[in-house]
Amino acid sequence: MSIVATELSGTKFFMNFPVTDTSHTLAEYRTRFGYQALEKALREMSPTDVTKEVAAAGLLGHGGAAFPAGRKWGVVKLGDGEPHYVCMNADEGEPGTFKDRWLMECVPHMALEGLIIGSYALQGRHAFIYIRGEFDLAYRRMAEAIEEAYAAGLLGENILGTGYSLDVVLYRGAGSYVCGEASAMLASLEGKKGWPRNRPPRLTVKGLYQKPTVVNNVETLVNVPVILRLGAVEFKKVGTPKSPGTQMISISGHIAKPGVYEVEYGYLWTKFIYEDCGGIQNGKALKCIIPGGVSTKILNASEIEGVTLDHNSAVAAGSQLGSGGMIAVAEGTCMVRLAQVIQRFYHHESCGQCTPCREGMGWMERILNRIVAGGGRPEDIDRLYQISQANDGTTICSLGDSAGYACSAIMDHYREEFEYYITNGRSMYDGNLTVEDPFASALVGVAS
Amino acid sequence: MTGLVQRLIPEFEVWKRRYPAGFEGSLSIPALRRIQEERGYIADEDIADLTAYLGVPRTQIDEVVAFYTQFTRKPLGTHHIQVCHNVSCSMRGAEGLVKHLSARLGIKPGETTTDGQFTLTTVECLASCGTAPMMMVGDAFFENLTPASVDALLTELTGSAL
């Protein structure tokens, strides 16, 4: 297959075509092997074969936890007499993460194809796409793709004449970070407030309306057609042995060329930052990196030296690749203010169910607000650590666990900035958050 | 039942066809979104009527309306401006953007202009970090904002310079 060779040389599975105003449509997706993997799955493979192939490819979940997708699918027992549901997690809300938005805007059919194949593997009759409420273009693109697929016989009754039937519901959230957590998402899909729930039972045992449910991230599902088309053996040749394939990375903050990139796992981190992304804004030095969404621990410039972009390397370096939402921070940035912005976010988004998170996040924000206002106390740093630790392992969902990590990791690295702020009542870096602020002088001449 | 929910029920019935049987309660969030799209906010009668239509406990609808940040129980300005002030946007000037909008509109975040034209809100990450600073006006994203582009947009929305 010449197709394979072209694709693998670039090691890009998704960002390998020119994006135009029409490149997301069914007609153009078909020119990029669109729905060939679905044909193959439905005509040549049993549902179990599909799951085995995905497991053999070593596909890891791309939502943040990197759990093997094939293993998750394998838990659901075919022929147990229960309906099975697959839900695409498109509730992208981890600060710094915007790669699923790109996928839904640019390759909506590929995401849909992955969802249909996944549903076939689990013998689901209904599947769901839970998309965050604020998305506009991504929502419209997914909605158009679904309607095109129905019209082309790729969804609905008797898909492609194979006897397999599937309906897909595009479900729009209404503003809630915690609904990106799988059990909260299913509560929301049941039309309730998005409160996570304890496991066990796992969602693959009792999920949506108490039926076995697999929740997969958008990026996880777009990999499925690639795996079926190339085969697990070819797929595994890309990336590293323990992190096969590619990772979509969205990078923002003080970076010269922010945006979405697809990198092959094992790519050198510094090369990515300094060459592909053009280094830091205005030629400044890198101070630190938030690797994969604000819930992952920061690494300073020296800690990413020699580290490659794959799960094992990121963990060995003391953090995680998480959701691939990378934020670069330049020298001269006030880390106390940055921690304050992050903590405000966690306080705002705590769902309020578990006491340590509900109370702790507000408490941490109030302490940081007081420090920033110049009223810091010597005991504040220890207090922030204590509250952060009290959250870890005491909340129902993992978002609660990690809600204090960001602040404690920043204090681990930049304790002197907190001490300076508390002792002097002002920031070591003048409270600075920007390298270049387009609004810095904008208020001159504005009547107040 | 009279009014808005009654009028929208035919649409809700079409949506139901793609859901499995027994998923009626799942329609709460999509139905509330649709109601708010029509009315601009969720009124008392909408909650009562939707409760009756879906056959779910009233507390479920009350909780949903309160829990999700996009739902509002009171009318907002004609143009709802939502500025992201999360990490990446703050690092690219969101704080100045909020001040700029406050000065131009004469309101603080959380307020509506007296003529009912604009509501200004600060929100957390909208997954537009690579094009920061950004804001949403209605459903649309406006990215890579500068004072000039914000002023041009406000002028376009009001039909005259502020």
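The structure presented is a predicted model; accordingly, all values stated were derived computationally and were not measured.

(A) Region of interest: the overall build of chain A. Of regular secondary structure, chain A possesses 18 helices and 11 strands. Since a compact globule built from 448 residues should have a radius of gyration of about 22 Å, the 23 Å found for chain A is in line with a globular shape. Here chain A holds 448 residues, and 56% of them are scored as buried. Taking the intrachain contacts of chain A between residues at least 6 apart in sequence as the baseline, contacts between residues at least 24 apart amount to 71%.

(B) How the structure looks around the packing of helix α14 (residues 335-349) of chain A against helix α15 (residues 355-372) of chain A. Residue and element names in this part refer to chain A. Across the interface, α14 lies against α15 with an axial gap of 9 Å and an inter-helix angle of 150°. Classified by the interaxial angle, the pair formed by α14 and α15 is roughly antiparallel. Seen from above, α14 lies across α15 with left-handed handedness. Each of Val336, Arg337, Ala339, Gln340, Gln343, Arg344, Tyr346 and His347 in α14 lies in contact with α15, whose residues at this interface are Met361, Gly362, Met364, Glu365, Leu368, Asn369, Ile371 and Val372.

(C) Here's a closer look at the pairing of strand β1 (residues 85-90) of chain A. All names here are of chain A. Among the 6 residues in β1, 6 count as buried, and that is most of the element. Every second residue of β1 is oriented toward a common face, with Tyr85, Cys87 and Asn89 on one face and Val86, Met88 and Ala90 on the other, all of them buried. Note: β1 against strand β2 (residues 126-131), 6 bridges, orientation parallel. In the sheet register, valine 86 faces β2, and the bridge partner there is alanine 127. Two strands pair when backbone bridges link them, and β1 and strand β4 (residues 213-217) are joined in this way by 5 bridges, in the parallel orientation. Opposite tyrosine 85, over in β4, you have threonine 213 as the bridge partner.

(D) Representation of the interface of chain A and chain B in the model. Contacts between chain A and chain B engage 53 residues on the former and 46 residues on the latter. The residue makeup of the side of chain A that touches chain B, split by class, is 24 nonpolar, 18 polar and 11 charged.

(E) Inspection of the pairing of strand β2 (residues 118-123) of chain B at higher detail. Residues and elements named next belong to chain B. Among the 6 residues of β2, 6 are classified as buried, and the element is accordingly described as predominantly covered. Bridge analysis of strand β1 (residues 79-84) against β2 gives 6 bridges, and the strand direction is parallel. Pairing of histidine 80 across the sheet is with threonine 119, part of β2.

(F) Main features of the sheet that holds β2(A). Residues and elements named next belong to chain A. Strand order in this open sheet of 4 strands is β3-β2-β1-β4, and the pairing throughout is parallel. A strand with exactly one partner marks an edge of an open sheet, and here the two such strands are β3 (167-172) and β4. Put simply, the sheet's adjacent strands are angled 20° from each other on average, direction ignored. Alignment of β2 against β3, held across 6 bridges, turns out to be parallel. Each residue of the ladder has a partner; that of phenylalanine 128, found in β3, is valine 169. Running at roughly 110° to β1, helix α9 (residues 182-189) makes contact with β1, β2, β3 and β4 of the sheet.

(G) Geometry of the nonpolar core. Counting residues in each nonpolar core, the largest one holds 165 residues, and the members touching the most others are Cys87(A) and Ala111(A). Each residue touching Ala111(A), except ones within four places of it in the same chain, is listed here: Met88(A), Leu103(A), Met104(A), Val218(A), Leu221(A) and Val222(A). Among the nonpolar cores identified, the runner-up in size contains 15 residues, and Val5(B), Ile29(B), Ala31(B) and Leu32(B) belong to it.

(H) Representation of helix α4 (residues 58-67) of chain B in the model. Looking at α4(B), one finds that the buried residues are Ile61(B), Val64(B), Val65(B) and Phe67(B). Residues of α4(B) that are buried in the fold lie against α2 (28-39) and α3 (44-54) of chain B.

(I) Here's a closer look at the domain arrangement of chain B. In terms of domain boundaries, chain B breaks down into domain 1 (4-67) and domain 2 (79-158). Averaged C-alpha coordinates put domain 1 of chain B and domain 2 of chain B at centres separated by 30 Å.

(J) Fine view of the sheet that holds strand β5 (residues 246-253) of chain A. All names here are of chain A. With mixed pairing, the 5 strands of this open sheet are ordered in space as β6-β5-β11-β8-β9. Both edges of this open sheet fall to β6 (259-264) and β9 (299-300), since each of them pairs with a single strand only. Direction of pairing for β5 relative to β6: antiparallel, over a ladder of 6 bridges. Note on β6: the bridge partner recorded for isoleucine 249 is tyrosine 261.

(K) Quick look at the confidence of the model for chain A. Residues and elements named next belong to chain A. When pLDDT is averaged along chain A, the result is 94; 96% of the residues meet or exceed 70. Low confidence marks residues 1-10, where pLDDT is under 50. Its contacts with residues over four positions away, or in another chain, come to 9 contacts. Under a pLDDT of 50 for its full length, residues 444-448 has, in the predicted model, 3 contacts with residues more than four places off or in other chains.

The rules behind these values
- Residues numbered from 1 in each chain as written.
- Chains lettered and ligands numbered in written order.
- Predicted model: local features only at pLDDT ≥ 70, side-chain atom pairs only at ≥ 80, totals over all residues.
- Helix = DSSP H or I, 4+ residues; strand = E, 2+ residues; numbered from the N terminus.
- Rg over C-alpha atoms; globule rule 2.2 N^0.38 Å.
- Buried ≥ 20, exposed ≤ 12 C-beta atoms within 10 Å, placed from the backbone.
- Contact = placed C-beta atoms within 7 Å.
- Axes fitted to C-alpha atoms, helices over the stretch in contact; angles between N-to-C directions.
- Parallel < 35°, antiparallel > 145°, perpendicular 65-115°, else oblique.
- Left-handed = near helix turned anticlockwise from the far one by under 90°.
- Pairing = 2+ DSSP bridges.
- Nonpolar A, V, L, I, M, F, W, Y, C, P; charged D, E, K, R; others polar.
- Core = buried A, V, L, I, M, F, W, Y, C linked by C-beta atoms within 7 Å.
- Domains from an automatic or database assignment.
- pLDDT = per-residue confidence, 0-100.

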